[in-house]
Structure formats: C-alpha cells, structure tokens
Amino acid sequence: MAPQPVVTGLSPKEGPPGTRVIIRGEFLGTRVQDLIGLKICGSDCLLSAEWKSSNKIIARTGPAKGKGDIIVTTLSGGVGTSTVQFRAYHETIGPLKESAVWIEESPSQNFAWGRRTLTQSGLTQEDPLGLSIEGNEQKIPEDLRDLFPEACGDLSQEHFSPSWFLLENHLATSFEDLKAGLAYLKRKVESQKEGQLSFLKSNAGSVIDQLDTLMNIRDKLQEDLKLHGTEPLNILEASIENSITESQKIFTDVLVRKEKADSTRSVLFALSRHKFLFCLPNAVDRRAKAGEYDIVVNDYSRAKNLFGKTEIPIFRKVLEEVDQRILSIRKQLHEKVVKMPQSVDQQKKLIKALTSLGAPSGTPIGDKLRNIDPAWDAIEARAKYLEATFRQTFEQHANKDAAGTPEKSKSRDRDRDPSQAPSRVNFCEELCDIAASQLPDLWRLGQLYFTGELRGPHDPKPGDFKKMILNAIEKFCVYLRLAILIAGDQRALRQSSGLSWSIGSASATHQFLPWIPQCLRYTRIAYATLIGLDLPSDALDIIQKLIDEVRLFCFSIIFKRSTDRCKKLGSQETWELGVEDYPGATILPAALEALLVETLDEVQSVCMQPESREGNLLEPQSDGQREVSQRLQEFLSTFSAVIEELAFQSHDEETPTHNVSQLLGFPNAQQLDSVASGGAAVTWEQRMLCCLANYAYCNKSFFPHIGDVFVRYGYPLPTLAIETSRYTVNQLFTNLLEEYVEHKGDPLVGTIEPSMYLGRFQWDHEMEIGQLRPYAHECCDNLVGVYSEIYSISPALLRPILESIVQTISEELARLMSCVQRFSFTGAIQAHVDIRLLRDALEGYANETAKNYFMEALEAINPPLNVEQKRKADEILERVKRNMRLQLLCFTIKEP
C-alpha cells in the first residue's frame, strides 16, 4: 500500500468561494483515477479538481468559511493529512462584482424603468480619510474575524468598526498621516453641516441649469398636450401594451424553439459533463469481463464519492443500476475466488477486488453477500482442494495397482522392468510434489489473511486455520504410510482413515522394497520445503515422525536385503584359510564383514544420517536402537546358519565309509595342500573343522569386532545382539563338535573291542609279552590320525575334540576291563602295559572323568599285580615307549 497523501504547500492561502488554488505536496496519487477525494475547509472540491502529478493538484474552493485543512484521498494511499490551512471568507458582492457562485437577485438589486439612483456605489467611493491606499498592500497575519467577531470594515454596514478599517486599509500608514486624515475628515463633516443658502451659493450654476431644464420640460409638456390631449400617459401605456402583445405574437414560436433548444443543450451538457456516471454500468461490465477489477473498484468508489448522496432522480436511478451490476460482479468474483486450481496471486487479486467493492445496501442479495469473508472462503477452498487432490492421487494409483485379476497382477509383476518405478513410488513422488507446491500456497494465503492484507469484515480464525494445516499434513502422512510402510500393521490406520492399498503379490512387494530409499528422498524434499515456511512445530513434528518411521523401515529393508545376501555367502566359500589370528578360520567372516561395511555405508548415506530437523534414531531405549539390535542379531544368526549349512550339507553330500584301522582318516599331503591353498578337493572332516574354527573365531573375536565396527559408524555398542549371537554360535559350535566327535570317536571306539579279541584272544590265557597289543597300537595310531587332521587345519580345536574322544576311549576301556572275569599272570601284565601307555600318552587331553575311567580300567585287572609283575610291566612299558616315541611325540606338542 502506498504512503498517505501529505499537503505541504498552498497558493493562495485565503480567498472567497471559487478561488483557484494550487495544491502541492507528496503522494497525491499515481494517476487521475487514483484521486478519489479532495476537501478544502470541509467542502468537497473533487469535481473541480485537476490532477497534474503526484506533487500537484489544481482546484477551486467551495462555499466554505473560516480556516480549514486540505485533505486529499487516494485509492492507493487512503485519507491524507495537511501541514497548511486555507482561510475562506465571503466578500460583499454588488451587481458589478464578478462572482464564481450564483447570487440570488433581491428586489433592491432590480432596476426600475426611468432614472437610476444617483447613489454612489461603494465600489467607487474614495477613502474617507482622503489618504491614498497605494503601498498599503501589507496584510495583518491574523484573521480580523477572530479579533472582531461582531464587526466589519465596510462603511456602509451598521456594525462598522474603525479599528478593522484601519488595520485592513492603513496598516502601513504613519501616525502623522492618520492625524492629517482625521483633520480632513473633520473638515468634510463641517462642510456638510452648513445651511441651504451656503449650499445654493456654492452651487448657483447648477441650480440655474436645473431651472432652465425644468422650463424646457414645461414647454415641451404644453406642446404635447396640444398634440395628444390631456392624458398622453394613458395613450403611451396603451401603445406600449399593444407593442408588447404584438411582439409576443411574433416571437412566441421563436421563444418556444429557443426553450427547446436550451433544454436540449442543457441535457446534452449534463450528459457530457456526467458522461462517467451514465457510462458506468456498461463500463463495469466490460472491465469485469476483461479482468480489470482494479479499474472497476476505482470507478465504483469514485461514483459513490461523487454521487452517493445526490437527490437527483436520474443520478439515483443510474446508481441503482450500477449497484445491481456490482452485485453481479461480486457474485462472479466470489465464484472465481473459490474455484480451484489457481495461483495465490490470482486469488489475492480477486479477494482484494471483492473486498474493495463492498456490499451495496438496499437489496437482499447485498445483505447475503455482506456476510461472506472472501479471504477465509478462499483458504477453505484451497484446503479442500488440497485434500481432494491427495485423495484423488491416492485412489488413482491404488486402483491402478489393484486393477485386474490376481493372476494378471502376478503376471504383470513378473513382466515389469526392474528399472521401472512401481506405482507406489510414482505415487510418493507425485504426492510429495503436490504437498511441496500446494501446502506453501495455503500457508502463504493464510499469512496474508492474518496479517490484515486480505482480511475481510469478520474476525480472523487462527485456531481453525491451524487445524486446517494440521489436518492437511496428517492426511499427507497417512497416505504416505499406507504406500510406504507395507511391512507394518496397517489395520488401525485403515480403520481410522477408511483407506486401503492392497499389498499385492510377493513379487510386487519384492520389487517395491529397493525403491523405499527413493520414497524417503521424496519425503525429505517435501519436508525441507515445509520447514522453510516457518510452520508450527507441532505440524512439522507430524512429518518428522513419519520420516523417522520411514528411515527406520528403510534401515530394516536394507539390512534384510543384506541378510538375504548373507544367506548366499555359503556358495562363495572357497575354504581358503585367511585368518592369521585364528588358524583354521576361512575368509568367510571377512566376506561377512565386507558385506556389513557395505550395508552400513549404504544405511549411513540413505537413512541413518539425520538431515534438517530430523531426530536421532539411536537414542537410548528407542525403537531405532531396538531395531538395530534386532537386525544385527538376525544378520549374525543368518551367518551362523550359513556355517552350519556348509558343515551338514557337506556331510550329506559325502557319506564316508567307516572302516577299521588307518581308513579312519589320515589326511594325505594333497588334501592338506588343498585346504591351505583354498582348493576345492577337501573332505567333509576338513570342512567340519573349518566350520568349527569359524564358529570359535566368531565367538572369540569376530563378533566383538563387529560391535566395534558399529561403534566406528556412530552406533551405540550392540551388546545384546553380540552376546545373543555369541551364545547362538556357542550352541552351534557345541552341536557341530558333538557331530564331529561322534563321527570320529564312534568308529575309533568301535574298533577297540574287535581288535582286542582278534584271533580268539583271551585274557586268562598265558601269552607272550614284551610288545603292545594290536588294539592299543590301533587306538593310538587312530588318535594320531585325528590329531594330525585337526592340527593341520586348526590346532586350537585339539583340546575340545580330543578331550571328548579320549574320554570315550577311557570309558570303553574301563567297560572292557570290567567285563573280564580273570586275568592270567602274563595277561594282567599286558593289560596293565596297554592301559598305562594310552593313559600316559593321552594325559595332556584327559580330563578328570577320563582319568577316573583309566583308573577304573587299571583297578579292574584281577588279580592285582604283585611287585614282580609291576617291575616287569614297567620294563615293558619303557621299551614300548622308546619304540613308539614318534607316535607319542605328537601328543606332547604344545598347542599354539
């Protein structure tokens, strides 16, 4: 809105009605149509106003009186102010004085036939003091009417005031001149007091001339009496009346035509002078059709200011017609204001025009339109259009996604190009574009309304507008939740909103999941746009909550995808031993770590890094932290299951034959080289050992290292997930260990009894002694083979595996010895040597239970050995140990 008009200069500063005044100032209008009001001393002077520029206006004063301000009113700046004043006064007007207003003629001003009065006009009378008034143009600055409210300076008036006269005419006259003027006035008064004689003496010539004139008149009258009789005046009067009658007859037609011409001329003059008013009805219609509503408002305001209070019937009739046209235009404007879609600037223009036109009084339609608030109606219309656009877009994409039979939908999902975005993604993009473009328009329109720029006659409704904004944002978030969060429970959301979007086939869901980060990006772009609007925090919190949910869902989807990739790591296992800190572990954990790092990088760039006004998903005891722990636990559990599958799948593919003696499994050099070099020619036992090593490595250091990786990426240490995974790995390690021990130990133990009684051997028969029995040799050799196989893969597994096997062997020996009823002399010595050799050789891998079983086996030898037998047994045992030192040496090698 332009600044208010200010009047700073005036020329002249006083004068009677009709005075031509030049008004100067600032902001007096931008064009002629912008000037809609001009008052001088309270009198409306707009009709005579002539707009020159924004700093100059020329006008004539009206019938005002006294001092007053000059008030200029413009359409752009409103009612102005004035720093100067104009003094209006009324002059004494005679018949020869020019006047700008019509003076009603009084009877005293009419001139009768005959001689005119010889009274000297007050306009030509000389100064009563006999002084010249030239050089006395200086005026007193004060208004003399304020000093002498009941007097005047006119000599012909009854309330004449000498002081007024002197101040008005002789302000600059010196005191000596005034004294001389007073003496002149006294002499003039004394001369008028002399008698008639002195008057005749001084005017003797004039009196004689008058007497001569009277004598001539008498002689002329006598001659007329002789010619025309005694009553010439009657004859003259009759002649004059006859002349008048004849002249009227002659000029009647002429006068009638003249009167008609004058009337026509007056009408044409009135039409020409007030052409603006008479053309206004058609003009407003034409301007309204052209969309020039500002001109319509300006013309209508000007007509109301000029003719709003007129009593002339024709003017009132035209104004009524204009009011009817304006009512029709207001109805059209209101329909255009609430019609969508349109820009905010267009709505703003229409609202201002509708508000400026106002509601004309005097008609029921005007009363109805007077109650509307165009700005609020526009806000409601835009909010309803936004909600309808949201719903229409949702239904369009939801129906498109659900079109056709389930078989056709599945076929369409299979044939869809993976690079082509699914319908849900297109919906998210379109809905976010709608929110980012239309929500700012709604907020901007509301701000214009509440700041007063578009405010109507009613009070604003900030609470209703806030509810409107919150409702629009909630609808926006509901639609996005239905489209994006397909993995969550949406039953409550569907019941509350009355909307649903079919999830579709598993293929469609699988195709949509990789696009969820793109949907998050669309939502973030719309959110950033709304943040720039300075919306209320509770409105932004609704979108922030949605974004946090989508971020968490995106995190879950990425980790699930990585978990699926983790399931395929088994096919990439090359059985290459690549862990220096833990021999036997393959590079499979390193592949898992690479996959995890890749996943964390993707998660960090897509969803975990908070952007503007987004929350931290990893706050303590939050859903995000629980989700991270759960997904990591699933990830590591899947990896553990992959190792288990590798171990048992290999066992299913290879069913080795359990034969006695050396066929239990001495790994040859070729197999060991294959394992070391990552070749494919590996046995099931070697794979089992690698899987056991991987389990042990994960439990000991790899899974804690995974926790450190998470911490390095800014996550809190997932202690629960790590410990749960370590417990799971430990359980799987135990199960796999039992499977391996059963696979190796059962055949080994099963060969002891057949080898012991090979060749119908009996313990109660006398025999040659001095060497180890075959069953003990075979048992020792088989253990050396197992030891060699384990040591070549993972020496750290020696103790947990051999302890179980040694315990089984000791238990079997105790059982066999307890089954013998009686030992011969040499048989007792032989049994004592066999058991002691196995006990001493396997002492490093014998737990307390195994030691007890060995003791039970020795105690079961009946009868117990005497001193001679013990000596003999010790000699044989030392000799056997020397002979078998190479076999026994491996059991004494310290573990790494």
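Reading the values: the criteria
Residues numbered from 1 in each chain as written. Predicted model: local features only at pLDDT ≥ 70, side-chain atom pairs only at ≥ 80, totals over all residues. Heavy atoms only, no water. Phe/Tyr/Trp six-rings, centres within 6.5 Å; stacked < 30°, edge-to-face > 60°. Buried < 20%, exposed > 50% of the residue type's maximum accessible area, 1.4 Å probe, protein only. Helix = DSSP H or I, 4+ residues; strand = E, 2+ residues; numbered from the N terminus. Lys NZ or Arg CZ within 6 Å of the ring centre and 35° of its normal. Salt bridge = Lys/Arg side-chain N within 4 Å of Asp/Glu carboxyl O. pLDDT = per-residue confidence, 0-100. Contact = heavy atoms within 4.5 Å. Axes fitted to C-alpha atoms, helices over the stretch in contact; angles between N-to-C directions. Parallel < 35°, antiparallel > 145°, perpendicular 65-115°, else oblique. Nonpolar A, V, L, I, M, F, W, Y, C, P; charged D, E, K, R; others polar. Expected span 1.5 Å × (residues − 1). Polar contact = N/O pair within 3.5 Å; in protein donor to acceptor, adjacent residues only side chain to side chain. Left-handed = near helix turned anticlockwise from the far one by under 90°. Pairing = 2+ DSSP bridges.

S.K.: Describe the packing of aromatic side chains, and please don't skip the residues or the numbers.
M.R.: According to the stated counting rule, one finds 24 aromatic pairs in the structure shown. Seen in terms of ring centroids, Phe 702 and Phe 703 are 6.0 Å apart; in terms of plane orientation they differ by 45°. Their pairing is tilted. For the pair shown, Phe 702 and Phe 703 are each scored as buried. Seen from their ring centres, Trp 763 and Phe 823 are 5.6 Å apart, and the 55° between their planes marks the pair as tilted. Here Phe 823 lies in the loop between helix H28 (798-819) and helix H29 (825-841) and Trp 763 lies in the loop between helix H26 (752-756) and helix H27 (774-793), a separation of 60 residues in the sequence. According to the relative accessible area criterion, Trp 763 is buried, its value standing at 2%. Put simply, the rings of Trp 376, Trp 443, Tyr 449, Phe 450 and Phe 465 touch in pairs and so form one group of aromatic residues. Over the face of the ring belonging to Phe 276 we find Arg 302, whose NZ or CZ atom lies 4.6 Å from the ring centre. Over the ring of Phe 761 we find Arg 773, and its NZ or CZ is 3.7 Å from the ring centre.

S.K.: Give a detailed account of the pattern of salt bridges, specifying residues and quantitative values.
M.R.: On inspection of all chains with the given rule, the structure shows 35 salt bridges. Ionic pairing is found between Asp 441 and Arg 382, a salt bridge with its closest N-O pair at 3.9 Å. One end of the pair, Asp 441, is in helix H15 (residues 423-450); the other, Arg 382, is in helix H13 (residues 374-402), with 59 residues separating them in the sequence. On the accessibility criterion, Arg 382 (3% relative accessible area) is buried. Note that Asp 541 and Arg 613 form a salt bridge whose closest N and O atoms lie 2.9 Å from each other. Here the residue Asp 541 occupies a position in helix H20 (residues 537-567), and Arg 613 occupies one in the loop between helix H21 (588-608) and helix H22 (623-653), the gap between them amounting to 72 residues. The class for Asp 541 is partly exposed, based on a relative accessible area of 35%. Classification of Arg 613 by relative accessible area gives partly exposed; the value is 30%. Each of Arg 521, Arg 524, Asp 548, Arg 551, Glu 611 and Glu 614 takes part in salt bridges that share partners, so that together they form one network.

S.K.: Lay out the confidence of the model for the chain with the relevant residues and their values.
M.R.: Any residue range with low pLDDT should be treated as having predicted coordinates unsuitable for detailed reading. On average, residues of the chain carry a pLDDT of 80, and 83% of them reach 70 or more. Note on residues 360-368: pLDDT under 50 across the span, and 14 contacts to partners over four residues away in sequence or across chains.

S.K.: Lay out the packing of H15 against helix H19 (residues 516-531) in plain terms, naming residues and giving numbers.
M.R.: Between H15 and H19, whose axes approach to 9 Å, the crossing angle comes to 0°. Viewed along their axes, H15 and H19 adopt a mutual orientation that is roughly parallel. Every residue of H19 that contacts H15 at Val 425, Cys 428, Glu 429, Cys 432, Ala 435, Ala 436, Leu 439 and Pro 440 is listed here: Cys 519, Tyr 522, Thr 523, Ala 526, Thr 529 and Leu 530. Partitioned by chemical class, the residues of the contact of H15 with H19 number 11 nonpolar, two polar and one charged.

S.K.: So what about the side chain of Gln 544? Which residues, and what values?
M.R.: Assignment of secondary structure puts Gln 544 in helix H20. Taking relative accessible area as the criterion, Gln 544 reaches 18% and is therefore assigned buried. Excluding residues within four positions of it along the chain, Gln 544 makes contact with Tyr 527, Arg 613, Glu 614 and Gly 615.

S.K.: Requested: an account of helix H31 (residues 867-883), with residues and values cited.
M.R.: With 17 residues, H31 ought to run about 24 Å at 1.5 Å a step, and its terminal C-alpha atoms sit 25 Å apart, in line with that. For H31, the secondary structure elements touched by its buried residues are H29. Measuring from the side-chain oxygen of the N-cap residue of H31 to the backbone nitrogen of Glu 868 gives 3.2 Å; that N-cap residue is Asn 866.

S.K.: Describe the environment of Trp 515, listing the residues and the values that go with them.
M.R.: Inspection of the secondary structure puts Trp 515 in the loop between helix H18 (506-512) and H19. Sequence separation between Trp 515 and Ile 484 is 31 residues; the distance between their C-alpha atoms is 9.5 Å.

S.K.: Talk me through the packing of H21 against helix H24 (residues 684-712); I want residue IDs and the actual numbers.
M.R.: Working note: a packed helix pair is described by the angle between its axes plus the distance between those axes. H24 packs onto H21 with a crossing angle of 20° between their chain directions and a minimal axis gap of 11 Å. By the angle between their directions, the pair H21 and H24 is classed as roughly parallel. As for how H21 packs across H24, the hand of that crossing is right-handed. In this structure, H21 contributes Pro 589, Leu 592, Glu 593, Leu 596, Val 597 and Leu 600 to the contact, and H24 contributes Asn 694, Tyr 697, Phe 702, His 705, Ile 706, Val 709 and Phe 710. For the contact of H21 with H24, the class distribution of residues is 10 nonpolar, two polar and one charged.

S.K.: I'd like to hear about the sheet that holds strand E1 (residues 6-11), residue by residue, with values.
M.R.: An order of E6-E7-E3-E1-E10 is seen for the five strands of this open sheet, with the pairing classed as mixed. Edge strands, defined here as strands with exactly one partner in the open sheet, are strand E6 (50-53) and strand E10 (81-82). Across two bridges, the pairing between E1 and E10 is parallel. Note that in E10 the partner of Val 7 across the bridge is Ser 82.

S.K.: Please give an account of the environment of Tyr 713 that cites residues and values.
M.R.: For Tyr 713, the position within the fold is in the loop between H24 and helix H25 (719-750). On the accessibility criterion, Tyr 713 (19% relative accessible area) is buried. With 113 residues separating them along the chain, Tyr 713 and Leu 600 place their C-alpha atoms 7.6 Å apart. Leaving out residues up to four positions away in the same chain, Tyr 713 has contacts with Val 597, Leu 600, Asp 601 and Gln 604.

S.K.: Give a detailed account of the pairing of strand E8 (residues 66-74), specifying residues and quantitative values.
M.R.: Look at any regular strand and the pattern is simple: side chains alternate between the two faces of the sheet. Pairing analysis gives five bridges linking strand E4 (residues 35-40) to E8, with the strands arranged antiparallel. Bridge pairing in E8 links Leu 35 to Thr 74. Judged from the four bridges that link them, E8 and strand E11 (residues 85-88) form a sheet pairing that is antiparallel. When the bridges of E11 are listed, Asp 69 appears paired with Gln 85. Where E8 and strand E9 (residues 78-79) come together, two bridges link them in antiparallel fashion. When the sheet's bridge partners are listed, Thr 74 is paired in E9 with Gly 78. In sequence, E8 turns back onto E9 through a hairpin of three residues.

S.K.: Which residues make up unusual backbone geometry, and what are the values?
M.R.: Of note, the bond from Met 340 into Pro 341 is cis; its omega dihedral lies within 30 degrees of zero at 0°. For the bond running from Asn 862 to Pro 863, omega is 5°, close enough to zero to count as cis. Following the sequence through the fold, Pro 863 ends up in the loop between helix H30 (848-859) and H31. The residue Phe 27 is not glycine, and still its phi comes out positive at about 60°. Inspection of the secondary structure puts Phe 27 in the loop between strand E3 (20-26) and E4. Residue class for Phe 27 comes out partly exposed when judged on its relative accessible area of 41%. One non-glycine residue, Arg 760, adopts positive backbone phi at about 55°. Position of Arg 760 relative to the elements: it lies in the loop between H26 and H27.

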